[in-house]
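For reference, the chains in residue letters:
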Amino acid sequence: QMSVLVCKKAGKCLDFQNRIQSETAVLDESIVCQVTENLVANAARHAKKRVTVCFTEKDDMVFATIRDDGGGFSAEDMEHATEPYYTADPDRSHHFGLGLYIAKILCRHHGGDIAIESDGAGATVTASFRAKSGE
């Protein structure tokens, strides 16, 4: 719900899709929420009109894929975006360049990672989390 408010405040539309079928996967909800909200806030800041969040699963992994329709990542961004204190934003008053770095650390703590893609028509960041069986 925080993601909806962040997008509304930024004047962007949010599309949310949950394609998870498993009823037994156990995740640390606080980590998944913190990472997802962080990535949605980043996407809303860079999107032109729309942010899409899609949750999927494969084997014992859960993926949160956040896509925006903004300008995408530059080559330098792609190389450094998950490093601490890196930001392409010249106005550092909005953030300190820790968002993707913290998301990466939290994902790795949960057995996953962060993957970044850019196609010139937007950016996609996928956070992965290893699920534990609830059985």
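Above this text is the structure in question.
All of these numbers come straight from a predicted model, not from anything done at the bench.

Regarding the overall build of the chain
Regarding its fold elements, the chain presents four helices and seven strands. Ordered by position from the N terminus, the helices and strands of the chain form the series α-β-β-α-β-β-α-α-β-β-β. The proportion of buried residues among the 135 residues of the chain is 36%. Counting contacts in the chain only where the partners sit at least 6 residues apart, residues at least 24 apart contribute 62% of the total. Total accessible area on the chain is roughly 8100 Å²; 52% of this is exposed by carbon and sulfur atoms.

Focus on the sheet that holds strand β1 (residues 13-18)
Reading across from one edge, β1-β3-β4-β6-β5 is the order of the five strands in this open sheet, with mixed pairing throughout. At either end of the open sheet lies a strand with only one pairing partner, and these are β1 and β5 (114-118). In this sheet, neighbouring strand axes are inclined to one another by 15 degrees on average, regardless of whether the strands run parallel or antiparallel. The pairing of β1 with strand β3 (residues 50-58) spans six bridges and is parallel. The residue bridging D15 from the neighbouring strand is T52, located in β3.

Considering the side chain of S3
Its location among the elements puts S3 in helix α1 (residues 2-9). Filtering out sequence-adjacent residues up to four positions away, S3 remains in contact with L14, E37 and V40.

Some details on the environment of K8
Within the element layout of this structure, K8 appears in helix α1. By relative accessible area, K8 is classed as exposed at 64%. Along the primary structure K8 and A44 are separated by 36 residues, whereas in three dimensions their C-alpha atoms are 9.0 Å apart.

A closer look at the nonpolar core
Core analysis: the biggest nonpolar cluster contains 26 residues, and V35, L39, V51, I66, I114, A127 and F129 have the highest contact counts within it. Those elements giving two or more residues to this core turn out to be α2 (29-46), β3, β4 (61-68), α4 (99-109), β5 and β6 (123-130). Per element, the largest residue contribution to this core is seven residues, and it comes from α2. Apart from residues lying up to four places away in sequence, V51 is in contact with C7, C13, L14, D15, V40, A43, A44, I66 and R67.

Considerations on the packing of aromatic side chains
Taken as a whole and judged by the stated rule, the model has one aromatic pair. Consider the rings of F16 and F55, whose centres lie 5.7 Å apart with planes at 50 degrees: the pair is tilted. Linking F16 in strand β1 with F55 in strand β3, this pair joins segments that are 39 residues apart in sequence. For F16, a relative accessible area of 53% gives the class exposed. Using a relative accessible area of 11% as the deciding quantity, one classes F55 as buried.

As for the packing of α1 against α2
Helix packing geometry: the angle between the two helix axes and the distance between the axes. In the contact formed by α1 and α2, the axes pass within 9 Å of each other and the chain directions differ by 15 degrees. When the axes of α1 and α2 are compared, the pair comes out roughly parallel. Our pair here, α1 against α2, has a crossing hand that is right-handed. Counting all contacts with α1, which are made through M2, S3, V6 and C7, the residues of α2 involved are E37, V40, A41 and A44. A breakdown of the residues in the contact of α1 with α2 according to their chemical character gives six nonpolar, one polar and one charged.

How each quantity is defined
Residues numbered from 1 in each chain as written. Predicted model: local features only at pLDDT ≥ 70, side-chain atom pairs only at ≥ 80, totals over all residues. Heavy atoms only, no water. Helix = DSSP H or I, 4+ residues; strand = E, 2+ residues; numbered from the N terminus. Buried < 20%, exposed > 50% of the residue type's maximum accessible area, 1.4 Å probe, protein only. Contact = heavy atoms within 4.5 Å. Areas by Shrake-Rupley, 256 points an atom, 1.4 Å probe, with all protein chains shown as cover. Pairing = 2+ DSSP bridges. Axes fitted to C-alpha atoms, helices over the stretch in contact; angles between N-to-C directions. Core = buried A, V, L, I, M, F, W, Y, C linked by side-chain atoms within 4.5 Å. Phe/Tyr/Trp six-rings, centres within 6.5 Å; stacked < 30°, edge-to-face > 60°. Parallel < 35°, antiparallel > 145°, perpendicular 65-115°, else oblique. Left-handed = near helix turned anticlockwise from the far one by under 90°. Nonpolar A, V, L, I, M, F, W, Y, C, P; charged D, E, K, R; others polar.

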